[in-house]
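Chains, contacts and geometry: an overview
Here is how the chains run, residue by residue.
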2 protein chains.
Amino acid sequence: MAEIIAKEANSAFSVLKTLSDDERSGALHQIYQGLKDKKDEILKFNKIDLDNASKNNLSSSLIKRLDLSTGGKFDSMLEGILDVAKLPDPIGKCTLAKKLDEGLNLYRVTAPIGVLLIIFESRPEVIANITALAIKSGNSAILKGGKESYQTFKIMSDIVNEVLNDKTKVPKDAIKLIESREEVGDLLSQDKYIDLVIPRGSNQLVRNIKENTKIPVLGHADGICSIFVDESADIEKSVKVIVDSKTNYPAGCNAVEQLLIHEKVANDDAKLQKIYQGLKNAGVTMHATSEIKGLLPNESVVDADDKCFDTEYLSLDITVATIKSLGDAITHINSHSSKHTDCIMTESKENADKFLKGIDSAGIYWNCSTRFADGFRYGFGTEVGISTNKIHARGPVGLEGLMSYQYQLRGDGHIASQYKGAGGDKVFVHEDLDMNVKL
Amino acid sequence: MAEIIAKEANSAFSVLKTLSDDERSGALHQIYQGLKDKKDEILKFNKIDLDNASKNNLSSSLIKRLDLSTGGKFDSMLEGILDVAKLPDPIGKCTLAKKLDEGLNLYRVTAPIGVLLIIFESRPEVIANITALAIKSGNSAILKGGKESYQTFKIMSDIVNEVLNDKTKVPKDAIKLIESREEVGDLLSQDKYIDLVIPRGSNQLVRNIKENTKIPVLGHADGICSIFVDESADIEKSVKVIVDSKTNYPAGCNAVEQLLIHEKVANDDAKLQKIYQGLKNAGVTMHATSEIKGLLPNESVVDADDKCFDTEYLSLDITVATIKSLGDAITHINSHSSKHTDCIMTESKENADKFLKGIDSAGIYWNCSTRFADGFRYGFGTEVGISTNKIHARGPVGLEGLMSYQYQLRGDGHIASQYKGAGGDKVFVHEDLDMNVKL
């Protein structure tokens, strides 16, 4: 069954890949219209999800997330589809153009990746966003959403499939909803047909998926972000940034978990007290290592444990430690960070440059909150997820992260054996061509 | 042991990453000088490898490959190091620059990947090339070369480590030679410290590595390349390209293995005979499917078997089959190709465009030999390997494929909670900045 699903999505990709931007973006307009026309029906099924959630005593915040009928959520979901349609075509952009010889031209051109398996949370509107991104980028997508929204996902994907089939050139198999966790498990072995897995969800989910597939996984398990307060930091600024990074949304993967304070700052009582007061007033519990614990009052401060440097609290807790030098801070962060986002607070450009060069994370920040690590804040229009991988897309991933590239070589009967190194004596020209050429 | 090796290489990376291009390229000049000064000693150890090879009755072609003393191989190996030193600095190139708000600027900057594990064949000169590429690109490298060259590899890596240690800022652990296959096996589980595995060698080796690691693998197991002779193909041109693609170097991964002939061409006897004669005269055995077998003489033609479409012959053999349409050719190639390089022979731009858009391989060629799929021929200066992956680097991989990127965010105490979506009402500017800025 999993093989059939994956194979069908892959066949659909072969067609989708050849469609023009007008055809792909046109399909998004059709989906927009289709969902709009069936709003009542969708909300009816959404009601079933909501009723089940109440019956199962789910938390009110989860129930609020499931509800598509309030706060203009339905309409902004629809607008989101049109926003994606409006983005520039990501396919076929020439990123390298080289004349190898007279009449033999090489072009590197952006192309979709293939089949994506995307696992996402129980937020009904996300299915519309991901569907739009997949079609716009020319990728087929197999979708698995959180089970609490299943009825809403099901009716929406039925409508999407019907619209694609009846009104567009996009094959309906380009978007496939699957129901169960078991199906996800089986699909993870379909590395012949699936090119990329994008899990959004708990650390446990992401880690579990990474352990169980040969398919590349784009995402992040942990978000262990650090802030280093350098000896030349401005303290007012630092307190503001630390408190925001910790408290703006503690459950976010871009919340700070590790506060490293240069020992010169820690030993300056006025400065240390400002940091302490800022965190205490914001309701943060400090897990302090022995070096710094003695310098702090007891209130809101507990002993850091063995794992403090590798802990993602996701709550109003933070590890606090002293650091002897900028170099030590870099080494410490590179060993413990999850390579998500790390920040230095300093007024010294020289020190900032060292930090920006030395830290091996997707995001390296100077004097600003780690909470900015987000596709929308970066201006990517939309975000598929945040990647802590070091190959392919890194950090917040927008449409560009769903693209690959291909080399096109256009000749006129050119053969290798006429060239040096392959038996002949012709020499390659290797001249740069205009990349804005219309291919 | 493997963990220590990987950890040391990773620590060395933290230093290497911060060095300037002058420091990295300067180290390459020191390595050049160091190897040059010890030429006699290196050739002495190379002689031991050669003697062992003779004793073990290795093939003369392998022995020729091992020999570093003839044909100017030693000197061109040294020149290669300086060529890499001369390449533009791949680190710190700004590829995106955006003003998020007054004083809050986002830059996407190229950065090395981290620690590479590179497994390569018994060619003594390759260790110099890979060492140069790794240091130039700011990546640490753990190297395992074919055992037949071990003595040569050992003395060369000893010299490299000594030079790095005594004369450069590059930590000596940035380049580490390992000896045994067992060590490779153990290193494949060090995904905490190793970021990318690059195996060069047999399909079996690559497949085996892919099966046994969670670390991303850059490379290709198979090279099943196809040529499709479209109904509007020029036959003389086609024969020339097919024969070159098959015979120029049949053991190459970019040699053609599959010849798909549009049935209108196959049913035109004059055209079919030209293809047949061309291949027969070049000594190629045609493995023909039943539809086309009846149209061909018996000489040099055998029955294709069940696996013919998924076979990489690596010899003077080729599968020959008829195809009903361009669409069928695209579908067929996308199902059977190893996504390396596939070519259409056609005089119709429209058909070529369909093929170039529809085929899902790293290289898509129009009217030229598949043998051009090569980093040197593409003008990349150097080549680490050819990737059939669809994420990260694809096709021939040069220095660029060894790079990742990072997002730098530079602010002045900016915090997220002042902005819309995070509790405040400030709005992001998202204005493009000059990417040529000196950071």
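Since this is a predicted model, take the numbers as computed values, not measurements. For every chain, the first residue of the written sequence is number 1, and numbering continues from 1 onward in sequence order. Labels follow written order: the first chain is A, the first ligand is 1, and so on. pLDDT decides what is reported in this predicted model: residues at 70 or higher carry local features, side-chain atom pairs at 80 or more are listed and counted, and totals for whole chains, interfaces and linings draw on all residues regardless. Only hydrogens and water are removed before side-chain values are computed, so all heavy atoms of the structure are retained for them.

**A closer look at the packing of helix H10 (residues 235-247) of chain A against helix H12 (residues 269-281) of chain A**
Geometry of a packed helix pair, given as the angle between the helix axes and the separation of the axes. Residue and element names in this part refer to chain A. Helix axes are fitted to C-alpha atoms over the stretch in contact, other axes to C-alpha atoms as well, and angles between N-to-C directions run from 0 to 180 degrees. The numbering of helices and of strands both runs from the N terminus, where a helix is a DSSP run of H or I of at least 4 residues and a strand a run of E of at least 2. It is at 9 Å that the axes of H10 and H12 come closest, and there the two elements cross at 25°. The pairing of H10 with H12 is recorded here as roughly parallel in orientation. In this structure, the crossing between H10 and H12 has a hand that is right-handed. In this structure, H10 contributes Ile235, Glu236, Val239, Ile242 and Val243 to the contact, and H12 contributes Lys271, Lys274, Ile275, Gly278 and Leu279. In what follows, roughly perpendicular refers to angles from 65 to 115 degrees, roughly parallel to angles under 35, roughly antiparallel to angles over 145, and oblique to any angle outside these ranges. Here is the rule for handedness: rotate from the far helix to the near one, and if that takes an anticlockwise turn smaller than a right angle the crossing is left-handed, while a clockwise turn gives right-handed. Here, residues are in contact when the closest pair of their heavy atoms is within 4.5 Å.

**Comments concerning the interface of chain B and chain A**
Contact with chain B, which involves 81 residues of that partner, is made by 81 residues of chain A. Buried area adds together the accessible area that both of two parts lose upon being put together, with accessible area traced by a 1.4 Å probe. Each partner contributes to the roughly 6,700 Å² buried at the junction of chain B and chain A, and carbon and sulfur atoms together form 52% of this total. Salt bridge, as applied in this entry: a Lys or Arg side-chain nitrogen positioned within 4 Å of an Asp or Glu carboxyl oxygen. Where chain B touches chain A, the interface holds eight salt bridges. Asp353(B) is paired through a salt bridge with Arg410(A); the nearest N and O atoms lie 3.9 Å apart. Nitrogen and oxygen atoms within 3.5 Å of one another constitute a polar contact, given that in protein one can donate a hydrogen and the other can accept it, and given that sequence-neighbouring residues count only through two side-chain atoms. Our count for the chain B to chain A interface comes out at 59 residue pairs in polar contact (both at pLDDT 80 or more). Looking at the side of chain B that touches chain A element by element, the count peaks at 11 residues for strand S16 (residues 403-414) of chain B. For this classification, the nonpolar set comprises Ala, Val, Leu, Ile, Met, Phe, Trp, Tyr, Cys and Pro, the charged set comprises Asp, Glu, Lys and Arg, and every other residue, Gly included, is treated as polar. Residues of the side of chain B that touches chain A, tallied by class, amount to 33 nonpolar, 26 polar and 22 charged. Pairing between strand S13 (residues 363-368) of chain A and S16(B): five bridges, direction parallel. Note that in S16(B) the partner of Gly363(A) across the bridge is Tyr407(B). What makes two strands pair is DSSP finding at least two bridges between them.

**Describing the domain arrangement of chain A**
In this entry, domain limits derive from an automatic or database-based domain assignment. According to the domain assignment, chain A consists of domain 1 (2-211) and domain 2 (225-372). When each unit is reduced to the centre of its C-alpha atoms, the spacing between domain 1 of chain A and domain 2 of chain A is 38 Å.

**Observations concerning the packing of aromatic side chains**
When the centres of two rings from Phe, Tyr and Trp lie within 6.5 Å, Trp using its six-membered ring, the rings pair. Their planes under 30 degrees apart give stacked, over 60 give edge-to-face, and anything left gives tilted. The tally for this structure, following the rule as stated, stands at 16 aromatic pairs over all chains. Considering the side-chain rings of Phe120(A) and Phe153(A), the 5.2 Å spacing of their centres and the 75° angle between planes classify their relative orientation as edge-to-face. Of the two residues, Phe120(A) is situated in strand S3 (residues 115-120) and Phe153(A) in helix H7 (residues 150-167); the sequence distance between them amounts to 33 residues. Considered together, Phe120(A) and Phe153(A) belong to a single accessibility category, that of buried residues. Pairing Tyr419(B) with Phe428(B) gives two aromatic rings, centres 4.4 Å apart and planes at 5°, and the pair type is stacked. Residues Tyr419(B) and Phe428(B) agree in their burial class; the two are buried. Through pairs of rings, three or more aromatic residues link up here, namely Tyr378(A), Phe380(A), Tyr405(B) and Tyr407(B). Exposure categories follow from relative accessible area, calculated using a 1.4 Å probe and restricted to protein chains: below 20% of the type maximum is buried, above 50% is exposed, and the middle band is partly exposed.

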